[in-house]
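Observations on chain architecture
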Amino acid sequence: MRLKPAPLACQQAVELISDYLEGSLSRSERRRLERHLRACDACTAYLEQVRATIELSGEVTPEDLDPEVLEGLTDLFEQYRSSDD
Amino acid sequence: MVDDALLLDKMLGGDQAAFVEIVTRYQGVLVRVARLYVGSDATAEDVAQETWIAVLKGLERFEGRSSFKTWLLRICTNRARSIAVREHRTVLTFADDDASVDPSRFNDAGMWSEPPVPFTELVEGRLDRAEVLALVRAAIEALAQPAQAVVTLRDVEGLSTAEVADLLEISEANVRVILHRGRAKVRASIEVSLKGGAK
């Protein structure tokens, strides 16, 4: 008879969420986590928070550039462009 | 969003606006990734500038076998790494071992005593998308290295774990550990902001 691993505590489950979303948990770890998630609304909410965090991070757009930095770089561009002519 | 390849074509034709758009798109990530290796923000900005010079010099020879983003980041990490060697800096690529969630939110049995609420419920009617994204950006900017570089590359720029590992010359397992810690911190910080500063 194979022993079933002990159920996860929430505090352990949260440490597996990122790897779960990366698809990098082993099959047995994944099953153990999914079993926990089915029974735990709080960890399911945590999973949703991490999912939302990743999704929102992907929507972050670049900040406006410091005008001085931009000016320096456009000067460079013009310098290289004119050296091409 | 206009495709990088199109902007590069325009740049080759001398279009300054296209260059400005590309620079605006990638300057932030270049500085953040450089900062993983070099000792100051000013040096990281120098690395970014040198990267753009190398791009301007080499763009005609860029054959598009890799994506522009990967090529650009590769130039940046190579430069930053050589400066790190000169500065005798060791790059710390291990993650801290902080818990993902403040331990005080669990009881002695490790079950939630203060359970999380989905962000959608916390946001509801209070903030618009742009305001939420501003919180997320601030949370990522507040991360320490190496988490800041890894989260930026993986979650903001959308590189794969394998690409991040390759670029930073660390193992994929290491990337995943750093990513896990970084995401947990970003999540916690968004949660605190959405709850209006209450823990």
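Values in this document were obtained by computation on a predicted structure and should not be read as measured data.

In this section: the packing of helix α3 (residues 41–58) of chain B against helix α4 (residues 68–86) of chain B. Residues and elements named next belong to chain B. The geometry of α3 relative to α4 is characterised by a closest axis approach of 9 Å and an angle of 130° between their N-to-C directions. As summarised for this structure, α3 and α4 are arranged oblique, according to the angle between their axes. Considering how the two elements wind past one another, α3 and α4 form a crossing that is right-handed. Contact residues: Thr43, Val47, Glu50, Thr51, Trp52, Ala54, Val55 and Gly58 in α3; Phe68, Trp71, Leu72, Ile75, Cys76, Arg79, Ala80 and Ile83 in α4. For the contact of α3 with α4, the class distribution of residues is 11 nonpolar, 3 polar and 2 charged.

For the rest of this paragraph, the subject is the interface of chain A and chain B. At the junction of the two partners, chain A supplies 38 residues and chain B supplies 53 residues. For the pairing of chain A and chain B, the buried interface totals around 4100 Å² over both sides, and the portion due to carbon and sulfur atoms is 64%. For the pair chain A and chain B, the number of links is 6 salt bridges. Arg181(B) is the partner of Glu15(A) in a salt bridge, and the nearest nitrogen-oxygen pair spans 3.1 Å. One can count 20 residue pairs in polar contact (both at pLDDT 80 or more) joining chain A with chain B. Those elements that place two or more of their residues in the side of chain A that touches chain B are α1 (10–13), α2 (17–22), α4 (41–59) and α5 (67–84) of chain A. Considering every element that reaches the side of chain A that touches chain B, the biggest residue donor is α4(A), with 14 residues. Tallied by class, residues from the side of chain A that touches chain B come to 20 nonpolar, 9 polar and 9 charged.

A contiguous patch of positive charge, built from Arg27(A), Arg31(A), Arg35(A) and Arg38(A), is present on the exposed surface. When you line up the elements, Arg27(A) lands in helix α3 (residues 27–39).

On to the packing of α4(A) against helix α6 (residues 129–141) of chain B. Contact geometry for α4(A) and α6(B): axes closest at 9 Å, N-to-C directions at 95°. Accordingly, the angle class assigned to the pair α4(A) and α6(B) is roughly perpendicular. In contact with Glu55(A), Leu56(A), Ser57(A) and Glu59(A) of α4(A), α6(B) contributes Arg129(B), Val132(B), Leu133(B), Val136(B) and Ile140(B). The residue inventory of the contact of α4(A) with α6(B), partitioned by class, reads 5 nonpolar, 1 polar and 3 charged.

Within the largest apolar cluster, 68 residues are counted, with the highest numbers of intra-cluster contacts made by Met11(B), Trp52(B), Phe68(B), Leu153(B) and Leu168(B). Considering each element in turn, this core owes the most residues, 10 residues, to helix α2 (residues 16–35) of chain B. Of all hydrophobic cores here, the second largest spans 20 residues; its members include Ala13(A), Leu33(A), Val50(A) and Trp112(B).

The end-to-end C-alpha separation of α4(A) is 27 Å, in line with the 27 Å expected for 19 residues at 1.5 Å each. Residues Ala42(A), Cys43(A), Ala45(A), Tyr46(A), Leu47(A), Gln49(A), Val50(A), Ala52(A), Thr53(A), Ile54(A), Leu56(A) and Ser57(A) constitute the buried set of α4(A).

The final tally for this structure, using the stated rule, is 8 aromatic pairs over all chains. Ring geometry for Phe77(A) versus Phe19(B): centroids 4.8 Å apart, planes at 10°, classification stacked. With Phe77(A) in helix α5 and Phe19(B) in helix α2, this pair bridges two chains. For Phe77(A), a relative accessible area of 3% translates into the label buried. Measuring from centroid to centroid gives 5.9 Å for Phe68(B) and Trp71(B), while their planes differ by 50°, and the two rings are tilted. Of this pair, Phe68(B) and Trp71(B) both sit in helix α4, 3 residues apart, which is roughly one turn of the helix. The pair formed by Phe68(B) and Trp71(B) is uniform in burial state, with each residue classed as buried.

Calculation criteria
Residues numbered from 1 in each chain as written. Chains lettered and ligands numbered in written order. Predicted model: local features only at pLDDT ≥ 70, side-chain atom pairs only at ≥ 80, totals over all residues. Heavy atoms only, no water. Axes fitted to C-alpha atoms, helices over the stretch in contact; angles between N-to-C directions. Helix = DSSP H or I, 4+ residues; strand = E, 2+ residues; numbered from the N terminus. Parallel < 35°, antiparallel > 145°, perpendicular 65-115°, else oblique. Left-handed = near helix turned anticlockwise from the far one by under 90°. Contact = heavy atoms within 4.5 Å. Nonpolar A, V, L, I, M, F, W, Y, C, P; charged D, E, K, R; others polar. Buried area = accessible area lost by both parts, 1.4 Å probe. Salt bridge = Lys/Arg side-chain N within 4 Å of Asp/Glu carboxyl O. Polar contact = N/O pair within 3.5 Å; in protein donor to acceptor, adjacent residues only side chain to side chain. Patch = residues over 30% accessible without salt bridge, like charges linked within 9 Å, V, L, I, M, F, W, Y side chains within 5 Å. Areas by Shrake-Rupley, 256 points an atom, 1.4 Å probe, with all protein chains shown as cover. Lys, Arg positive; Asp, Glu negative; His and termini not counted. Charge placed at Lys NZ, Arg CZ, Asp CG, Glu CD. Core = buried A, V, L, I, M, F, W, Y, C linked by side-chain atoms within 4.5 Å. Buried < 20%, exposed > 50% of the residue type's maximum accessible area, 1.4 Å probe, protein only. Expected span 1.5 Å × (residues − 1). Phe/Tyr/Trp six-rings, centres within 6.5 Å; stacked < 30°, edge-to-face > 60°.

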